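The primary structure of each chain is shown beneath.
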Amino acid sequence: MLALAAARPAAAGAAPIEFLACPASEIDALDDRFDAVLCQHGLQFFTDKQAAVLEMRRVARPGAIAVMSTWAAERPLGLFAPMGETLAELGVAEPYPRAFDADSYRLGAGDLADLLRASGWRDVRVQTVELDATWDSAEQAADTVTGTPFGPLVSALPAELQEQVRARLITKLGRSTDGVTVRTASNIARGVK
Ligand SMILES: C[S@@+](CC[C@H](N)C(=O)[O-])C[C@H]1O[C@@H](n2cnc3c(N)ncnc32)[C@H](O)[C@@H]1O
């Protein structure tokens, strides 16, 4: 992801971006360096979430704003849920622990707020935001599996099993001439250092 991002041409007038590869629990930057922190759909995957949120605060300058999002634990997961269910039902081995478990992708609003507050962020607020993802057909929606972290796993399955994955996913998404809409819900936290 970082290599692809770094290879993209910078937009005219945009500030230069330096990409750093480091664990979220050990950010490779000095204290009080950044005007803002944005962590989009990453926090739920970090083994030590508290350490990561503390690190984000350490590298932020006093007064900096942090925004962190995760899928909302209070709502259905969206397209990743039927994908995970399908792969689990067909006996595909998890590529990493809890890969097919919807709860490993989500955090509750209260838990998210507690994480930020316990790490010293102040004026913490969490908002639940819904967005609909829409495809022209269930087939198109099912084919997006190739662009997810499950893509390499599915591509390596025998052709017959790949077809079963696709068919089952299409059934779960429902056949409709009006296309397919999957609602997503994120908890988005904001805090100030
Ligand atoms: C769903 S992606 C989100 C990427 C990006 N923020 C975006 O919105 O497109 C989650 C990312 O978290 C990264 N990640 C997971 N655990 C990590 C950790 N402990 N430290 C740093 N990055 C981690 C993964 O490598 C992956 O790139």
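Above this text you will find the structure in question.
Residues numbered from 1 in each chain as written. Predicted model: local features only at pLDDT ≥ 70, side-chain atom pairs only at ≥ 80, totals over all residues. Heavy atoms only, no water.

Undergrad: Help me get a handle on the state of the cysteines, residues and values and all.
TA: Per the counting criterion, the structure on display carries 0 disulfides. Left without a disulfide partner, Cys22 is nearest to the cysteine sulfur of Cys39, which lies 12 Å away. According to the relative accessible area criterion, Cys22 is partly exposed, its value standing at 32%. By relative accessible area, which is 10% here, Cys39 ends up buried. (Disulfide = S-S within 2.5 Å. Buried < 20%, exposed > 50% of the residue type's maximum accessible area, 1.4 Å probe, protein only.)

Undergrad: Talk me through the nonpolar core; I want residue IDs and the actual numbers.
TA: Soluble, globular proteins show a tendency: their nonpolar side chains are buried together. Ranked by size, the top nonpolar core spans 26 residues in total, and within it Leu87, Val92, Phe100, Phe150, Leu173 and Val180 carry the most contacts. Going through the elements one at a time, helix H3 (80-89), helix H5 (138-143), helix H6 (151-155), helix H7 (159-173) and strand E5 (180-192) are the ones with two or more residues in this core. Per element, the largest residue contribution to this core is 4 residues, and it comes from H7. In this structure, Leu87 is in contact with Val92, Phe100, Phe150, Leu153, Val154 and Val165, ignoring residues within four places of it in sequence. (Core = buried A, V, L, I, M, F, W, Y, C linked by side-chain atoms within 4.5 Å. Helix = DSSP H or I, 4+ residues; strand = E, 2+ residues; numbered from the N terminus. Contact = heavy atoms within 4.5 Å.)

Undergrad: Give a detailed account of the site of the ligand, specifying residues and quantitative values.
TA: The immediate surroundings of the ligand are formed by Met1, Cys22, Pro23, Ala24, Gln40, His41, Phe45 and Phe46. A distance of 2.9 Å is found between a nitrogen atom of the ligand and a backbone nitrogen or oxygen belonging to Ala24. One of the side-chain nitrogen or oxygen atoms of Gln40 is found 2.6 Å away from an oxygen atom of the ligand. Here the ligand has 600 Å² of accessible area as a free molecule, and 50% of this is covered by the chains. Tallied by class, the residues present in the shell around the ligand amount to 6 nonpolar, 2 polar and no charged. (Near = heavy atom within 4 Å. Polar contact = N/O pair within 3.5 Å; in protein donor to acceptor, adjacent residues only side chain to side chain. Areas by Shrake-Rupley, 256 points an atom, 1.4 Å probe, with all protein chains shown as cover. Nonpolar A, V, L, I, M, F, W, Y, C, P; charged D, E, K, R; others polar.)

Undergrad: Describe in detail the layout of surface pockets, supporting the description with residues and values.
TA: Within this model, the largest pocket holds a volume of roughly 1,600 Å³. Around the largest pocket, the lining is made up of 33 residues, and of these Leu2, Leu38, Cys39, Gln40 and Phe46 lie nearest the centre. In terms of residue count, the dominant contributor to the lining of the largest pocket is strand E1 (residues 34-40) (7 residues). Taken together, the residues that form the lining of the largest pocket break down as 26 nonpolar, 4 polar and 3 charged. Here the second largest pocket defines a volume of roughly 260 Å³. Lining the second largest pocket are 15 residues, with Trp71, Leu79, Phe80, Ala133 and Thr184 positioned closest to its centre. When contributions to the lining of the second largest pocket are tallied by element, the ones reaching two or more residues are H3, strand E4 (122-135) and E5. Top contributing element to the lining of the second largest pocket by residue count: E4, with 4 residues. Class assignment for the residues of the lining of the second largest pocket results in 10 nonpolar, 5 polar and no charged. (1 Å grid on protein atoms, 1.4 Å probe; cavity = no way out; pocket = protein on both sides within 12 Å on 5 of 7 lines; lining within 4 Å. Points joined across faces, edges and corners; volume = space filled by probe spheres on them.)

Undergrad: Outline a nonpolar patch on the surface, supporting the account with residue identities and numerical values.
TA: On the surface, a nonpolar cluster with roughly 290 Å² of combined accessible area is contributed by Leu2, Ile17 and Phe19. As for its placement among the helices and strands, Phe19 is situated in the loop between helix H1 (2-7) and E1. (Patch = residues over 30% accessible without salt bridge, like charges linked within 9 Å, V, L, I, M, F, W, Y side chains within 5 Å. Salt bridge = Lys/Arg side-chain N within 4 Å of Asp/Glu carboxyl O.)

Undergrad: Go over the packing of aromatic side chains with me, naming the residues and quoting the values.
TA: In this description, a pair of aromatic rings is defined by centroid distance and the angle of the planes. One pass over the full model with this rule turns up 4 aromatic pairs. Aromatic side chains Phe100 and Phe150 sit 5.5 Å apart centroid to centroid with 65° between the ring planes, which places their arrangement in the edge-to-face category. Of this pair, Phe100 sits in the loop between H3 and strand E3 (106-107) while Phe150 sits in the loop between H5 and H6, and the two are 50 residues apart along the sequence. Of the two residues examined, Phe100 and Phe150, each falls in the buried class. Three or more aromatic residues link up through ring pairs in this structure, and these residues are Phe45, Phe80, Phe100, Tyr105 and Phe150. (Phe/Tyr/Trp six-rings, centres within 6.5 Å; stacked < 30°, edge-to-face > 60°.)

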